[in-house]
Amino acid sequence: MSEKIYDVPPEWATRAYLDDHGYKTKYEASVRDPETFWGEEGKRIDWFEPYTKVKNTSFAPGAVSIKWFEDGVTNVAWNCIDRHLDTRGDQVAIIWEGDDPSESRHITYKELHDEVCRFANVLRNRNVEKGDRVTIYMPMIPEAAYAMLACARLGAIHSVVFGGFSPDSIAGRIVDCGSRVIITADEGLRGGRKVPLKANVDAAIAKVPADTVDHVIVVRRTGGAVDMTPGRDVWYDEAAALVTHECPATPMNAEDPLFILYTSGSTGSPKGVLHTTGGYLVFASMTHQYVFDYHEGDVYWCTADIGWVTGHSYIVYGPLANGATTVMFEGVPSYPSNGRFWEVIDKHKVNIFYTAPTAIRALMQSGDEPVKKTSRASLRLLGSVGEPINPEAWEWYHRVVGEERCPVVDTWWQTETGGILITPLPGATRLKPGSATRPFFGVIPQVVDAEGNIQEGACEGNLVIADSWPGQMRTVYGDHERFMQTYFSTYPNKYFTGDGCRRDADGYYWITGRVDDVINVSGHRMGTAEVESALVAHPKVSEAAVVGYPHDIKGQGIYAYVTLMSGVEPTEELRKELVTWVRREIGPIASPDLLQFAPSLPKTRSGKIMRRILRKIAEDEFGNLGDTSTLADPTVVDDLISHRQNKK
Ligand code: 6R9
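Residues numbered from 1 in each chain as written. Predicted model: local features only at pLDDT ≥ 70, side-chain atom pairs only at ≥ 80, totals over all residues. Heavy atoms only, no water.

The name given to the chain in an unreviewed UniProt entry is Acetyl-coenzyme A synthetase, with Ancylobacter pratisalsi as the source organism. Per its UniProt entry, the chain bears the Sequence similarities (unreviewed entry) comment "Belongs to the ATP-dependent AMP-binding enzyme family." The UniProt entry for the chain carries this comment under Cofactor (unreviewed entry): "Mg(2+)". (UniProt positions renumbered as here; feature names shortened; annotations may be inferred.)

Shown next, in the form of structure tokens:
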């Protein structure tokens, strides 16, 4: 395949913050002397007490410790709201677009201040204090952002759980971080369908030890009937009517926790990724400004859900820290029609649009017509995040949606990184479809081989980051050992991303996907181990192995191999039951796309499942199974191949 290169459009070279020379100069300065670079950049947020120390970080084996701006004192909500009030109190902070196209709301910075203070007072009245954990299980409504910012204002640590997760998943997260307060809504609304959020919270609380949860605060969204437990549950509007719209922002040390966000890894239960205050906000703000070339007055729309890190950093914290107008969308790209995204862009005159490859691929399938019916004249820049974007989808996004006028920034990052690490800068970087291109300021990517040898020049291998950046996660909540083990033990003194990548002769990075047992389904991260443990929890299942396979829209689909208890018949009905079971155990995003009953699984003589072989079968690469001689029983493989499920 010939490699296409898109030059920076001439108008961008003049209007953007940086051109190519500017990028290179600033990048070199950032890695040559991080202390000075970040010491200056830290001033982009306001501090109650200025920091005198900038970087104090170590990736040393057994002693990983990450601190930025450690003696500074500030407050994230204060930076996202209060400091803008003098200059842009009447400017719109949040444009909310409802699931139903006839519903939208504009919230100014002044209104945001009042709403967040009220929410904080409601929490304070329920004894929420600095350091307490609060679980947020909400639809995409402004109250979700108010709840996050209210926690930040009080110094409470929020743990947002994606609204698509099941009661079991919520329960696990409540228990892990020990939150005594849950914020939810009666029901969510997505694509015209209701989501029983409060009922899911009730079911989750029934699964955690009694007396874990003291308060459930319920925002009215649909008005649907829900059960309210007296003494525990309260309607938000009723509680908010009793409090004022003034609430002081708690002074927070730069390294005090801001939030926990659970994410899947290759082993065990989801990890509570912990982000702190100062470095996180500096990094979210800076990346939002430079990557999206954000300028005063721009209308910016990120289509993520606040249940994922992209929603945290690039719907709420980054844009609001910069005083931007951020669009928050409740619905889905296909409702009421496949033109919804483009219609919303015209309706709110969106300048910067940031979405996921899975959405682009799905919309691309309905052709150019729904796009071309709209003007999109306001659009200036397009972004992509969550998974590798295939060049065909990139080209369509660029040509049809952006009419070849808007640069596409393919941004690589992770829940753990807090913000974007590898990305084009629109005024500086020539684009190659499918490549996340070059590192952001202060980020030192390296490509290593399996033994950890650093590769030079054009190469392929595993992606590691050689030194800390301010947005980096600080620990796994309550388990620093696991943090060090997961990210710093594979390659000593380096942060291991879990991704594979290629670097070309121009120094551009091409992320090739996960090299561990994590799969990426429609941009949602899932540990194969989680799906497996959900399956084996079913009484009829004896063993399960889950792998990813290429899927046209989702990027990866979930392929499950299931061995049943002896005597259980493998029926079509049971297959459906097991798929439903996983949905119920984890949530709809974890439903297996294909499920194959396997009389036995390929194992080594020591009893290890050989996933490499299962992956090849799921990928339809039967001719290329590699060495099967170490298998305890090589005939298992033939049986698996002959019963392979067909791709949808
Ligand atoms: C922000 C987010 C992280 C994993 C990451 C990688 C994949 C994200 C990507 C990308 C290729 C991109 N990923 N962005 N792969 N190109 N632009 O998605 O965080 O949910 O933690 O997922 O997603 O595999 O390791 P998270």
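Engineer: Pulling in residues and values, what's your account of the packing of helix 7 (residues 142-154) against helix 12 (residues 309-321)?
Structural biologist: Between helix 7 and helix 12, the least distance of the axes is 12 Å, while the angle of their chain directions is 60 degrees. It follows that helix 7 is oblique to helix 12 by the angle criterion. Pair helix 7 / helix 12 crosses with right-handed handedness. The segment helix 7 lies against helix 12, with Ala145, Met148, Leu149 and Ala152 engaging His312, Val316, Tyr317 and Leu320. (Axes fitted to C-alpha atoms, helices over the stretch in contact; angles between N-to-C directions. Helix = DSSP H or I, 4+ residues; strand = E, 2+ residues; numbered from the N terminus. Parallel < 35°, antiparallel > 145°, perpendicular 65-115°, else oblique. Left-handed = near helix turned anticlockwise from the far one by under 90°. Contact = heavy atoms within 4.5 Å.)

Engineer: Lay out the packing of aromatic side chains in plain terms, naming residues and giving numbers.
Structural biologist: Under the definition given, this model contains 44 aromatic pairs. Judged by centre distance (5.1 Å) and plane angle (65 degrees), the rings of Trp301 and Phe353 are edge-to-face. With Trp301 in strand 16 (residues 299-302) and Phe353 in strand 18 (residues 352-355), this pair connects stretches of sequence that are 52 residues apart. Comparing Trp301 with Phe353, the two get one shared label, buried. Judged by centre distance (5.2 Å) and plane angle (85 degrees), the rings of Tyr491 and Phe496 are edge-to-face. (Phe/Tyr/Trp six-rings, centres within 6.5 Å; stacked < 30°, edge-to-face > 60°. Buried < 20%, exposed > 50% of the residue type's maximum accessible area, 1.4 Å probe, protein only.)

Engineer: Mind laying out the side chain of Ser313, listing which residues take part and the relevant values?
Structural biologist: Residue placement: Ser313 occurs in helix 12. Setting aside its immediate chain neighbours within four residues, Ser313 contacts Tyr280, Ala284, Gly318, Pro319, Trp413 and Gly418.

Engineer: With reference to specific residues and values, describe the environment of Ala590.
Structural biologist: Here Ala590 lies in the loop between helix 19 (572-585) and strand 30 (594-597). When its relative accessible area of 0% is taken as the criterion, Ala590 is described as buried. Expressed as a C-alpha distance, the spacing of Ala590 and Gly164, which sit 426 residues apart in the sequence, is 9.8 Å. Here Ala590 is in contact with Met526, Val531, Ile558 and Val582, once residues within four sequence places are set aside.

Engineer: Please set out the sheet that holds strand 8 (residues 181-185) residue by residue, giving values where relevant.
Structural biologist: Spatial strand order, 12-11-8-6-7-14-15-23: eight strands in an open sheet with mixed pairing. Either end of the sheet is taken by a strand with one partner, and the two such strands are strand 12 (233-235) and strand 23 (475-476). Of the pairings in the sheet, the one linking strand 6 (residues 133-137) to strand 8 comprises four bridges and is parallel in character. Each bridged residue has a counterpart across the sheet, and for Thr135 the counterpart in strand 8 is Ile182. Across the face of the sheet, helix 9 (residues 197-207) comes into contact with strand 6, strand 8, strand 11 (215-219) and strand 12 while running at roughly 150 degrees to strand 8. (Pairing = 2+ DSSP bridges.)

Engineer: How would you sum up the UniProt feature "binding site: Mg(2+)" (unreviewed entry) in the chain? Please name residues and give values.
Structural biologist: Mapped onto the present numbering, the UniProt feature "binding site: Mg(2+)" (unreviewed entry) falls on Val536, His538 and Val541. Structurally, Val536 is set in helix 18 (residues 528-536). Residues within four places of Val536 in sequence aside, it is in contact with Val541, Ser542, Glu543 and Ala544. Summarising the element assignment, His538 is placed in the loop between helix 18 and strand 28 (541-551).

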